[in-house]
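# An overview of the molecular structure
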Amino acid sequence: MSDRFRKAWLVLQREYVERVRSKAFILFTLLMPALMAASILVPAKLADIRSGEFRHIVIVASNSELATAIQQQLVKPEPLAHTNAHDNQASANRYIVDINDSPTEQVRNQLRRQVNEGKLDGFLWLSDDALASHKITYSAKDVADFGEAAELRSAIRAAILKQRLAIKGIASSEVDELLTPTELDTVRITEGNDGGSGLAVFLISFFMVLLLYTNVLVYGIAVMRSTIEEKSSRVIEVLLSSLTAKELLAGKVLGVGAVGLTQMVIWLVLGLIFSLPGALASRNFVSQVHIPAAEAGAFAVFFLLGYLLYSTIYAALGAMVNSEQEAQQMQWPAMLPLIFSIFLATPVLQHPNTTMAFWLSIIPFFSPVLMFIRIAVDQPPLWQVALSVALMLVTIYGLLVFASRIYRVGILMYGKRPTLAELRRWLRYSG
Amino acid sequence: MADVVDLRGIHKTYDNFVAVDHLSFHIREGSVYGLLGPNGAGKTSCIRMMIGITLPDEGEVRLFGESFHREQLQNVGYLPEERGLYKKMKVLDHLVFLGRLHGLSAHDAQKRSVDWCDRLQLGDWTRKKVEELSKGMQQKVQFIAVLLHEPALVIMDEPFSGLDPANAAILKDVLLELRRAGKTILFSTHRMDQVERLCDSICLINHGRSVLEGDLKKIKAGYGKNTVQMQYEGDPGLEGSSLIESLNSYGNYAEVRLRPGSDAQQLLRTASERARISRFELVEPSLEQIFIETVGKDGQHP
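Residues numbered from 1 in each chain as written. Chains lettered and ligands numbered in written order. Predicted model: local features only at pLDDT ≥ 70, side-chain atom pairs only at ≥ 80, totals over all residues.

## What about the overall build of chain B?
This is how the line gets drawn: Runs of H or I in DSSP of at least four residues are treated as helices and runs of E of at least two as strands, each being numbered from the N terminus. Our exposure labels follow a C-beta count within 10 Å of each residue's own C-beta, placed from the backbone: buried means 20 or more other C-beta atoms, exposed means 12 or fewer, and partly exposed covers the counts in between. Whether two residues are in contact is decided by their C-beta atoms, placed from the backbone, lying within 7 Å.
Helix and strand counts for chain B stand at nine helices and 14 strands. Over its C-alpha atoms, taken along the principal directions, chain B stretches across nearly 70 × 45 × 40 Å. For chain B, the residues scored as buried account for 39% of the 302 residues in total. If you take every contact in chain B between residues at least 6 apart in sequence, the share linking residues at least 24 apart comes to 71%.

Have a look at this one:
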């Protein structure tokens, strides 16, 4: 028995060391975070550069009080109390605002010319007509910046609101107080203590699917390739003279799996290092997505089992086909249950305790996503969790036995892909 | 002496195709055994059952005097006909991996691999990737992989197929050395010239059945000196001669099986009238001839 584990372990070791040492792995592992960092940092940097500039706009309004109020909203130094609420607008535009109190066609044409010549960034048209019809226009050369439009809109709204409230006799300091936004945080109650928030459940479920999908896509397929390679390079028969197909496939699935995990851990560590300053700055947000330890544990367990399950499916596929071209047609069907469970995720997320949710979540191919979601949003009975884990383990083992039988018989018959009927016969062969 | 391999009526069918048909033979310790037969005769199927890659539907495989179990594979070295290596692995890493799979410690596997590589002039290549080696060098690596764990039983399936002459010579030397060291060797082939020089015993199989089995010398003696090997220039007019039962002609060399009661001198006289004979020898039939006759006959009357 220990001998069998020793051999599977040797295969695992070889698979792992050879892959982690390969240039492709090192390059991909380092390049990916670099690309990610670039895709985040470069736009932010560009926004930074732009936000250093002032936007020069003109407000044209016959109501000069309103115009002044909007001007104040736009140019006021960011009030400290609001920093958190406006975190995501850290790169907000800064404005120089002039006021023109004669909304005539002549002025309008003049301003248009100035915008065209680039002397002005844009102008707000607040004629009495426009106000009465609730249609205010902002004319500028470049109107694609949604951030800017939102800023203008909220400034105008706040100014109009303040003005109206002031008419009703409410002091402006009170108005500010009234306008401070309130945030809603949904917190799930579990027995005894506060669980994760609703946002966290959604994020973590999404993360599970994403992680499973990408890892299976890269490393499940690597398992398949590797089984095909052993057949096409004819090394398989040399190996089978000292170990069984089951030991070989188990070692391979685990070895390639470990490579994927290594890559994930490297990325996670790099990600933490780079995002730590930012995360500390916005502690508020992070503390909202508080994840209990039990959930993190469930995540690890269900991710690993899901990963193994799908990798084993790919090992079986690799055992069935003779070339990568053949394999390509079969890559998608293997992924279908995973994709399907994404569609099932929403109903299960909303009603985690229905009979339907129970049955769906113990189907081994769906369990990694659906049972995990049930654990995250609710506390399903422990026996159900245990049952789904057990079923997944059994399925993984079953697939392994299936794959190794196919593999062993398959190598005896190079050349053509087996039909379903042939596969059934092969399974019946004692060896 | 004990039997290292003892096959007892092993039988294997794939779908409706009978690959091996109730085959039995045994191999004495320290002997070189040839498993012969035309392509598709069931040699490889037989060998695969011997080492547990597949299991027989019926019958029993016994190795080293015990019923087959996987631990015995630590003592078997197998060179399959379809052989390959991981192309991206370094030679030394590859050998160590295969050695450890056969139960060697990492240290022993490393040491023996280096020794063997030095011996077969691969010393400078141990740090190279397999794909950087020539095909001939890869073949040497494959031999080493078979012998690394010093198996008592070495099984080679068509070992000489695809070998260049230099490597064939090296393999032959290695086999002879193993034989001197008392190892048991089984190899399958359809090339008779090598078997003839190396084997003590043979089993000739066709359509999965044994058609001729036993000690090679005895088998040949059983046929008697009824065969003429002759070398000539010109056409000795052997075809259609009433003296001849069968003829295997190569243009200026021929092996002739005499009809019972025919006189070899008569054949020499008629042949020398028409062609220049440079060699004329009365011998036991070559294995190739026995092979062709036996298999041919079997083919005609299945």
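## Re the overall build of chain A
Helix and strand content of chain A: 17 helices and six strands. For chain A, with 431 residues in total, the buried portion stands at 32%. At a minimum sequence separation of 6, the contacts of chain A that also span at least 24 residues come to 77%.

## Side note on the sheet that holds strand β11 (residues 227-233) of chain B
All names here are of chain B. Rules: At least two DSSP bridges between two strands are required for those strands to pair. An axis is simply a line fitted to the C-alpha atoms; with a helix, the fit covers only the stretch in contact. Between two such axes, the angle follows the N-to-C directions and lies from 0 to 180 degrees.
As summarised here, the arrangement of the four strands in space is β12-β13-β11-β14, forming an open sheet in which the pairing is antiparallel. Every other strand in the sheet has two partners, leaving β12 (244-249) and β14 (276-283) as the edge strands with one partner each. Adjacent strand axes in the sheet meet at a mean angle of 20°, parallel and antiparallel pairs treated alike. Bridge count between β12 and strand β13 (residues 253-258): five bridges; the pairing is antiparallel. Its bridge partner lying in β13, Ser249 is registered against Ala254. Against the sheet, helix α8 (residues 264-274) contacts β11, β13 and β14, and its axis sits at roughly 165° relative to β14.

## A closer look at the confidence of the model for chain A
Residue and element names in this part refer to chain A. Applicable threshold: Looking at any residue, its pLDDT shows the predictor's confidence there, from 0 to 100.
Put simply, chain A has an average pLDDT of 78, and 79% of its residues get 70 or more. Note that residues 79-91 has pLDDT below 50 and, in this model, seven contacts with residues that lie over four places away or in other chains. Long-range and interchain partners of residues 191-196, a stretch whose pLDDT sits below 50, account for twelve contacts in this model, where long-range means more than four residues apart.

## A look at the packing of helix α4 (residues 135-147) of chain B against helix α5 (residues 165-180) of chain B
Residue and element names in this part refer to chain B. Cut-off, in case you're wondering: Oblique is the label for any angle not covered by the other classes, which are roughly parallel (under 35 degrees), roughly antiparallel (over 145) and roughly perpendicular (65 to 115). We call a crossing left-handed when the near helix sits turned anticlockwise from the far one by less than a right angle, and right-handed when that turn is clockwise. Under the scheme applied here, ten amino acids are nonpolar (Ala, Val, Leu, Ile, Met, Phe, Trp, Tyr, Cys and Pro), four are charged (Asp, Glu, Lys and Arg), and all others, including Gly, are polar.
Contact pair α4 / α5: the axes reach a minimum separation of 10 Å and the direction vectors enclose 15°. By the angle between their axes, α4 is roughly parallel relative to α5. In the packing of α4 onto α5, the handedness of the crossing is right-handed. In contact with Gly136, Gln139, Lys140 and Phe143 of α4, α5 contributes Ala166, Asn167, Leu171 and Val174. Considering only residue class, the contact of α4 with α5 consists of four nonpolar, three polar and one charged.

## Brief notes about the interface of chain A and chain B
Listed as interface residues are 17 residues of chain A and, on the opposing side, 22 residues of chain B. Breaking the side of chain A that touches chain B down by element, the ones donating at least two residues are α1 (2-21) and α9 (236-240) of chain A. At four residues, α1 of chain A tops the list of elements feeding residues into the side of chain A that touches chain B. Class assignment of the residues belonging to the side of chain A that touches chain B gives a composition of five nonpolar, five polar and seven charged.

## Let's talk about helix α2 (residues 91-101) of chain B
Here α2 of chain B lies mainly inside the structure; ten of its eleven residues are buried. Check the buried side of α2 of chain B and you find it contacts α1 of chain A together with α3 (106-119) and α4 of chain B. Where α2 of chain B ends, the next residue or the one after it, Gly103 of chain B, has phi of about 95°, a positive value.

## So, the packing of helix α13 (residues 324-350) of chain A against helix α15 (residues 367-377) of chain A
All names here are of chain A. Axis separation between α13 and α15 bottoms out at 9 Å; the angle between their running directions is 25°. Considering the angle they form, α13 stands roughly parallel to α15. Handedness of the crossing formed by α13 with α15: right-handed. From α13, Ser341, Ile342, Leu344, Ala345, Val348 and Leu349 reach across to α15, where they touch Val369, Leu370, Ile373, Arg374 and Val377.

## Regarding the environment of Leu95 of chain B
Residues and elements named next belong to chain B. Here Leu95 lies in helix α2. Linking Leu95 and Leu216, residues 121 residues apart in sequence, is a C-alpha distance of 35 Å. Setting aside residues no more than four positions away along its own chain, Leu95 makes contact with Ser113, Val141, Ile144, Ala145 and Leu148.

## Description of the confidence of the model for chain B
Note that predicted coordinates carrying low pLDDT should not be read in detail. All names here are of chain B. Per-residue pLDDT for chain B averages 87, and the proportion of residues at 70 or more is 98%. Low pLDDT (under 50) marks residues 298-302, which in the prediction has three contacts with non-local residues, meaning those over four places away or in another chain. Across the whole predicted complex the pTM is 0.73, and at the interface the ipTM reaches 0.80.

## Observations concerning unusual backbone geometry
All names here are of chain B. A positive phi angle is found at Gln121, which is not glycine, with a value near 55°. Mapped onto the elements of the fold, Gln121 is located in the loop between α3 and α4. When the 11 C-beta atoms within 10 Å are taken as the criterion, Gln121 is described as exposed. Although it is not a glycine, His207 sits at a positive phi angle of roughly 50°. Tracing the chain through its elements places His207 in the loop between β9 (201-206) and β10 (209-215). Given 18 C-beta atoms within a 10 Å radius, His207 is considered partly exposed.

## Comments concerning the environment of Gly84 of chain B
Tracing the chain through its elements places Gly84 of chain B in the loop between β6 (76-79) and α2. On a C-alpha basis, the gap between Gly84 of chain B and Gln138 of chain B in space is 8.4 Å, while along the polypeptide they are 54 residues apart. Beyond its immediate chain neighbours, meaning those up to four positions away, Gly84 of chain B contacts Ser233, Arg234 and Val235 of chain A.

## Overview of the nonpolar core
Using the following cut-off: Only buried Ala, Val, Leu, Ile, Met, Phe, Trp, Tyr and Cys residues enter a nonpolar core, and they are joined through C-beta atoms within 7 Å.
Leu249, Ala315, Ala316, Phe372 and Ala403 of chain A together with Ile155 of chain B are the most contacted members of the largest nonpolar core, which has 138 residues in total. Looking at which element gives the most residues to this core, the answer is helix α12 (residues 293-320) of chain A, with 15 residues. Apart from the residues lying within four places of it in its own chain, the contact partners of Ala316 of chain A are Leu399, Phe402, Ala403 and Ile406 of chain A. Counting 20 residues, the second-largest nonpolar core is a separate cluster that includes Phe123, Leu152, Ala155 and Ile156 of chain A.

## Looking at the domain arrangement of chain B
For the record, the criterion: These domain limits were set by an automatic method or by a database of domain assignments.
Split by domain assignment, chain B resolves into domain 1 (3-220) and domain 2 (225-283). Between the C-alpha centres of domain 1 of chain B and domain 2 of chain B the distance comes to 38 Å.

## Section: the sheet that holds strand β7 (residues 153-157) of chain B
Residues and elements named next belong to chain B. Spatial ordering of the open sheet is given by β6-β7-β8-β3-β9-β10, a layout of six strands whose pairing is mixed. The open sheet has two free edges, formed respectively by β6 and β10, since each of these has just one partner strand. Within this sheet the neighbouring strands show an average axis-to-axis angle of 15°, counted without direction. Where β7 lies against strand β8 (residues 184-189), five bridges are found, and the strand directions are parallel. Within the sheet, the bridge partner assigned to Val154 lies in β8 and is Ile185.

## Considering the pairing of β10 of chain B
Pairing of β9 of chain B with β10 of chain B involves six bridges; the strand directions are antiparallel. What sits directly across from Leu204 of chain B, in β10 of chain B, is Leu212 of chain B.

## A short note on the pairing of β7 of chain B
Residue and element names in this part refer to chain B. Of all five residues in β7, five are buried; the element is thus mostly enclosed. Residues Leu153, Ile155 and Asp157 line one face of β7 and the alternating positions Val154 and Met156 line the opposite face, and both faces are buried. Across four bridges, β6 lies against β7 in parallel orientation. Paired with Tyr78 across the bridge in β7 is Ile155.

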